[in-house]
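For reference, the chains in residue letters:
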Amino acid sequence: MEHGSASNSGQRLEVIVAGDEGSVRLDRVLAVRLPQLSRSRLKALILADAVTLKNAPIRDPAYHVASGDTITIDVPEAVAAEPAGEAIALDIVHEDDDIIVINKPRGLVVHPAAGHETGTLVNALIAHCGASLSGIGGVKRPGIVHRLDKDTTGLMVAAKNDRAHKSLTEQFADHGRTNEMRRGYLALVWGVPNRLRGTVNAPIDRHPFAREKMAVRDSGREAITHWEIVESFNGRDGKPVAALLACQLETGRTHQIRVHLAHIGHPLLGDAVYGPHFKTKSSHLGHQSQAALTALGRQALHAYLLALEHPQTGEILHWESPLPQDLLLLQNALRAAL
């Protein structure tokens, strides 16, 4: 049983232990009774003396509670996020009280970092969502549960509160193995694979010498990418030169698709990091294709599909995003072989 009321410091929640929570540990009981708060948030509140029993703070997350105990939780008002909000235009595909889905353009960095302290997706979301951000971990910021590289376009989802953040984090960690979450990408690659579809199951870790790169290494973490040929393209000589692949992730490692496709000999068109040795292949392209590839100036990768379970309603939501204009121009030029 749970009650809530306003207090001078934000929100006061009251939980009466029913005894059927599956555990007697304080943190686990609260996790069951207060699913809108993440486990890490509850632990922080306990350690901050914000959880009390009989007017005395309980400072141990493993404290054993008893059936009938009345626990009070004082949740402070979420503080302002450190990154400042910035009025950056967003292509919003879906938005409600719990989540926001955007179609990320090329050139937009997701998180503030060295060299990109401003002008990021996080800055844009803080400004756009404003008061609707109830806070992730007590801070008014969007909950980023996955990323796209700066120059990768396509669909991204962010959480607007702790409950949604917890749900999305769990769904993305599962990667559709036991739930309906799916992420699909369209990739224009050099060469045409010798079969219609396949799977790359190869661990990914930091490159041993180039620290800004990732690489397939035995020391890495499990990484699985499924791919399927959507379309193939011939060069000026009539021989296969490139293909459009649909990829689906079963794991979510940094640069995973770029690394895996390069690993099997089919790096992304325009990928200066993982496909520099394929630049000579551009001579096999028609003049229009060469011009479109030069104008592209980025890896030819687009997150076209996103499906997930809504954190609040449980409804399965599905979105698709068509190829952006720069990739569409390249695709059409490759089709024409001109």
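Just so it is clear, the model here is predicted, and its values are computed rather than measured. The residue numbers shown here count from 1 along each chain, following its written sequence. With pLDDT at 70 or above as the cut-off, local features in this predicted model cover only qualifying residues; side-chain atom pairs require 80 or more to be listed or tallied, and sums for whole chains, interfaces and linings still use all residues. Each side-chain value is worked out from all heavy atoms of the structure, with water and hydrogens disregarded.

**Q** Requested: an account of the overall build of the chain, with residues and values cited.
**A** The secondary structure content of the chain amounts to seven helices and 19 strands. When the 338 residues of the chain are sorted by exposure, 47% land in the buried category. Here a residue-residue contact requires only that any non-hydrogen atoms of the pair lie within 4.5 Å. Of all intrachain contacts in the chain linking residues separated by at least 6 positions in sequence, the fraction that spans at least 24 positions is 66%. All accessible areas in this document rest on Shrake-Rupley with a 1.4 Å probe, and a residue is counted as covered only by the protein chains that are shown. About 16300 Å² of surface is accessible on the chain, with carbon and sulfur atoms providing 49% of the total. Of the side chains in the chain, 36 bear a positive and 37 a negative charge, and the two mean positions are spaced by 7 Å. For the purposes of this entry, the term helix denotes a DSSP run of H or I that reaches at least four residues, the term strand denotes a run of E that reaches at least two, and both are numbered from the N terminus. Only protein chains enter the accessibility calculation, which uses a 1.4 Å probe; a residue is then buried when its area is under 20% of its type maximum, exposed when over 50%, and partly exposed in between. For the charge count, each Lys or Arg is scored as positive and each Asp or Glu as negative, with His and the chain ends excluded. For this purpose, a charge sits on NZ of Lys, CZ of Arg, CG of Asp or CD of Glu.

**Q** Kindly report on the environment of Ile16, identifying the contributing residues and their values.
**A** Along the chain, Ile16 falls in strand β2 (residues 10–16). For Ile16 and Cys247, which are 231 residues apart along the polypeptide, the C-alpha to C-alpha distance reads 48 Å.

**Q** Residue-level account of the side chain of Arg258, with values.
**A** The residue Arg258 is located in helix α5 (residues 256–263) in this model. Look past the residues within four positions of Arg258 in its chain and what remains in contact with it is Asp149, Leu268, Asp271, Val273, Tyr274, Gln299 and Leu301.

**Q** Tell me about the pattern of salt bridges, and name the residues and values.
**A** For this document, the term salt bridge refers to a Lys or Arg side-chain nitrogen within 4 Å of an Asp or Glu carboxyl oxygen. Within this structure, the stated rule accounts for 14 salt bridges. Linking Arg106 and Asp326 is a salt bridge whose minimum nitrogen-to-oxygen distance equals 3.2 Å. Of this pair, Arg106 sits in the loop between β8 (99–104) and α3 (121–129) while Asp326 sits in helix α7 (residues 325–336), and the two are 220 residues apart along the sequence. Note on Arg106: relative accessible area 35%, which makes it partly exposed. On the basis of relative accessibility, which here comes to 19%, the residue Asp326 falls in the buried class. Across the pair Glu222 and Arg177 runs a salt bridge, and its minimum N-O distance is 3.7 Å. Here Glu222, found in the loop between β15 (214–216) and β16 (224–234), pairs with Arg177, found in the loop between α4 (162–174) and β12 (182–190); they are 45 residues apart in sequence, far enough to count as distant. What makes Arg177 partly exposed here is its relative accessible area of 42%. By sharing partners, the salt bridges in this structure join Asp20, Glu21 and Arg33 into a single network.

**Q** Could you give an account of the nonpolar core, naming the residues involved and the relevant values?
**A** We define the nonpolar core as a collection of buried residues of types Ala, Val, Leu, Ile, Met, Phe, Trp, Tyr and Cys that are connected through side-chain atoms lying within 4.5 Å of one another. With 30 residues, the main nonpolar core has Tyr185, Leu245, Cys247 and Leu261 as its most contacted residues. Broken down by secondary-structure element, the contributors of at least two residues to this core are β8, α3, β11 (153–159), β12, β16, β17 (240–249), α5 and β18 (301–309). No other element matches α3, which puts five residues into this core. Look past the residues within four positions of Leu261 in its chain and what remains in contact with it is Ala187, Val189, Leu245, Cys247, His266, Pro267 and Leu268. Within the second largest apolar cluster, 21 residues are counted, among which are Leu188, Phe233, Ala292 and Leu334.

**Q** Lay out the side chain of His266 with the relevant residues and their values.
**A** Structurally, His266 is set in the loop between α5 and α6 (287–296). There is a polar contact of 2.8 Å between the side chain of His266 and the backbone oxygen of Trp190. Residues within four places of His266 in sequence aside, it is in contact with Val189, Trp190, Gly191, Val192, Pro193 and Leu261. Each polar contact in these results corresponds to two N or O atoms within 3.5 Å; when the atoms are within protein, one needs to be able to donate a hydrogen and the other to accept it, and residues that are neighboring in sequence are counted only if both atoms are side-chain atoms.

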